[in-house]
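# Topology and contacts: notes
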Amino acid sequence: MRPVKVGVIGAGNVLWAYLQVLDRLIPRGLAQLGPVCARRQENWPHLQARRPGVTLVSDPLQVLQDDVDVALIITPPATHSQLVRTALEHGKHAVVEKPAAPTRCEAQQLATIAHKHNLHLMCAPFVHLASTFRALWGRIEDGAIGRVHSARALYGNAGSTWARWYHDGSVGPLAEVGIYNLKSLTAVLGPVVEVQAAEARAMDHREISGETIGTAGTDVSHVLLKHQSGALSSLVSSHCIQGYRRPALELYGTEGTANLLGDDWDPRGFEIWRNRAGCWEEFEPVDPTWLWADGLAEMVHALQENRPPLHNLDHDLHLLEVIEASTTAANQKRAIAVESRFEPLDLRLEERQDRHHLHDHTRPADEQ
């Protein structure tokens, strides 16, 4: 097949991560970079200096009217929904950063359009695609630690010094950073049926682009989730966490414990305690080159192989309902039911048995 042509709408902070993904695909003839929409033309010289030969445009329609196969949408969150809708209406498959829409209802409309036009819509985060996560998922699914009854997750950062939308109240920490953990927890434990939550604001002012501004909304979120499986999980997300050193996920079962090391968007391996073994087993990352932006690679490979991406849009819709329920639970100080469900993906991974022969951990196994 010809290379999958990817057009990009958005040229902010995350552009370079997605270009890194394309840089692994383009030399193999799998992908081609189409036009990149950067609305602020004063930034064009900087972009052209870092990416010689890039085709820059100022209007998203210039990307969508090109012969691109995939529209990658990496603009501020408030613009995602309309841009996805427009991309789908122009017959383009879409990969969009999180959250895909401000509400589940709005995202459901996008899903309906994608289905109507027989197009793929992939929504970040893509943590379920990481080989290391999938290897851990398979062991838990096979009963390595018995029935999982409790789980804990945490992810946060110190906020943004470059993007006002981080702190204008339009997107809270659960939707911006906690959604990674939320997707991981639900991939392992299944759908959420009930949410309890508390939110707070730790910082009233922020310095962004050299200017001190007042902040709106919250920057700390604590959520307690009850899953359909009966398991309970807790999730801390924040734009006011200066640093941490703990597992991305802690999973407690009736016969053992499992920890995903590092962050779920950057897994560094995992460890398992099994009662019958009486010791901790530590596993190296299956593919340390995996990138959190590799949902784009999955879309390209799926189109090349004429198959659906390993992605469940119903799962993403469910996450948005959980996030909405969390806000309601925090405001009303009571538990809120979650009605939507999804069928979990089978993430089982066929692991290589000769990984000791992989001498270069900086390259994927299929490039050695």
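Each remark here, short or long, concerns the structure printed above.
Residues numbered from 1 in each chain as written. Predicted model: local features only at pLDDT ≥ 70, side-chain atom pairs only at ≥ 80, totals over all residues. Heavy atoms only, no water.

## Here's the deal with the overall build of the protein chain
Helix and strand content of the protein chain: 9 helices and 17 strands. For the protein chain, the C-alpha radius of gyration of 21 Å lies close to 21 Å, the compact-globule estimate for 368 residues. For the protein chain, the residues scored as buried account for 53% of the 368 residues in total. Partitioning the intrachain contacts of the protein chain with sequence separation of at least 6 by distance along the chain shows that 69% fall at a separation of at least 24. (Helix = DSSP H or I, 4+ residues; strand = E, 2+ residues; numbered from the N terminus. Rg over C-alpha atoms; globule rule 2.2 N^0.38 Å. Buried < 20%, exposed > 50% of the residue type's maximum accessible area, 1.4 Å probe, protein only. Contact = heavy atoms within 4.5 Å.)

## A closer look at the sheet that holds strand S7 (residues 148–156)
Strands sit in the order S16-S15-S14-S13-S7-S12-S11-S8-S17 across an open sheet of 9 strands; the sheet is mixed. Because the sheet does not close on itself, it has two edges, and the strands there are strand S16 (279–283) and strand S17 (336–337). Summarising the sheet, S7 and strand S13 (residues 249–253) pair through 5 bridges and their orientation is antiparallel. From the neighbouring strand, alanine 153 faces S13, where its bridge partner is leucine 249. Its contacts with the sheet place helix H7 (residues 173–189) against S7, strand S8 (192–200), strand S11 (220–227), strand S12 (232–238) and S13, and it is angled at close to 155 degrees to S12. (Pairing = 2+ DSSP bridges. Axes fitted to C-alpha atoms, helices over the stretch in contact; angles between N-to-C directions.)

## Points about the pattern of salt bridges
In this structure the tally under the stated criterion is 20 salt bridges. Across the salt bridge formed by aspartate 204 and arginine 201, the nearest N and O atoms sit 3.0 Å from each other. When its relative accessible area of 45% is taken as the criterion, aspartate 204 is described as partly exposed. Among the salt bridges present, the one from arginine 274 reaches glutamate 281, with a minimum N-O distance of 2.5 Å. Through salt bridges with shared partners, a single network forms among Lys5, Asp66 and Asp67. (Salt bridge = Lys/Arg side-chain N within 4 Å of Asp/Glu carboxyl O.)

## Let's talk about the packing of helix H1 (residues 15–25) against helix H8 (residues 295–304)
When two helices pack together, their arrangement is given by the angle between their axes and by how far apart the axes lie. The N-to-C vectors of H1 and H8 enclose an angle of 35 degrees; their axes lie 9 Å apart at closest approach. Crossing of H1 over H8 shows right-handed handedness. Residues Tyr18, Val21, Leu22 and Leu25 of H1 lie in contact with H8, whose contacting residues are Leu296, Ala297, Val300 and His301. Of the residues assigned to the contact of H1 with H8, the class counts are 7 nonpolar, 1 polar and no charged. (Left-handed = near helix turned anticlockwise from the far one by under 90°. Nonpolar A, V, L, I, M, F, W, Y, C, P; charged D, E, K, R; others polar.)

## Description of the sheet that holds strand S3 (residues 56–57)
Taken in spatial order, the 6 strands make up an open sheet running S3-S2-S1-S4-S5-S6, and their pairing is parallel. In this open sheet, the two strands that pair with only one neighbour each are S3 and strand S6 (121–123). Relative to S6, strand S5 (residues 93–96) is paired through 3 bridges, and the arrangement is parallel. Bridge pairing in S6 links valine 96 to cysteine 123.

## Here's the deal with the environment of arginine 352
Position of arginine 352 relative to the elements: it lies in the segment after S17. Residues arginine 352 and valine 286, spaced 66 residues apart in sequence, show a C-alpha to C-alpha distance of 8.8 Å. If near-sequence neighbours (up to four positions away) are discounted, arginine 352 is found in contact with Leu358 and Ala365.

## Notes on empty space enclosed by the protein
Evaluated as defined, the whole model comprises 3 cavities of 30 Å³ or more. The space that makes up the largest cavity amounts to roughly 100 Å³. In terms of lining, the largest cavity is formed by 13 residues, of which the most central are Ala100, Cys123, Asp316, Leu317 and Leu320. Sorting elements by how many residues they give to the lining of the largest cavity places helix H9 (residues 313–332) first, with 5 residues. Across the lining of the largest cavity, the residue classes tally to 12 nonpolar, no polar and 1 charged. Of the volumes computed, that of the second largest cavity is approximately 60 Å³. (1 Å grid on protein atoms, 1.4 Å probe; cavity = no way out; pocket = protein on both sides within 12 Å on 5 of 7 lines; lining within 4 Å. Points joined across faces, edges and corners; volume = space filled by probe spheres on them.)

## Observations concerning helix H6 (residues 131–141)
What sets the pattern is the α-helix's 3.6 residues per turn: residues three or four places apart point alike. Most of H6 is tucked away, with 9 of its 11 residues classed as buried. Along H6, the positions that sit buried rather than exposed are Ser131, Thr132, Phe133, Arg134, Ala135, Leu136, Trp137, Gly138 and Ile140. Packing partners of the buried residues in H6 comprise S7, H7, S13, strand S14 (256–263) and strand S15 (266–274). Of the residues one or two after H6, glycine 143 is the one with positive phi, at around 90 degrees.

## Focus on the nonpolar core
Core analysis: the biggest nonpolar cluster contains 82 residues, and Phe133, Leu251 and Leu296 have the highest contact counts within it. No other element matches H7, which puts 10 residues into this core. In contact with phenylalanine 133, other than residues within four places in its own chain, are Val127, His128, Ser184, Ala187, Val188, Leu249, Leu260 and Leu347. Within the second largest apolar cluster, 26 residues are counted, among which are Leu64, Ala111, Cys123 and Leu313. (Core = buried A, V, L, I, M, F, W, Y, C linked by side-chain atoms within 4.5 Å.)

## Quick word on the layout of surface pockets
Left-over empty space is what a probe sized like a water molecule reveals as it rolls over the atoms. Here the largest pocket defines a volume of roughly 1200 Å³. Taken together, 37 residues make up the lining of the largest pocket; nearest its centre are Gly12, Asn13, Val14, Ile74 and Trp162. Of all the elements in the fold, those that place two or more residues in the lining of the largest pocket are H1, helix H2 (44–50) and H7. With 3 residues, H7 is the largest single contributor of residues to the lining of the largest pocket. Residues that form the lining of the largest pocket fall into these classes: 20 nonpolar, 11 polar and 6 charged. As a volume, the second largest pocket reaches approximately 910 Å³. Surrounding the second largest pocket, 34 residues form its lining, Ser131, Asp287, Trp290, Pro364 and Asp366 being those nearest its centre. The set of elements that each furnish at least two residues to the lining of the second largest pocket consists of H1, H6 and H8. Broken down by class, the residue content of the lining of the second largest pocket amounts to 13 nonpolar, 5 polar and 16 charged.

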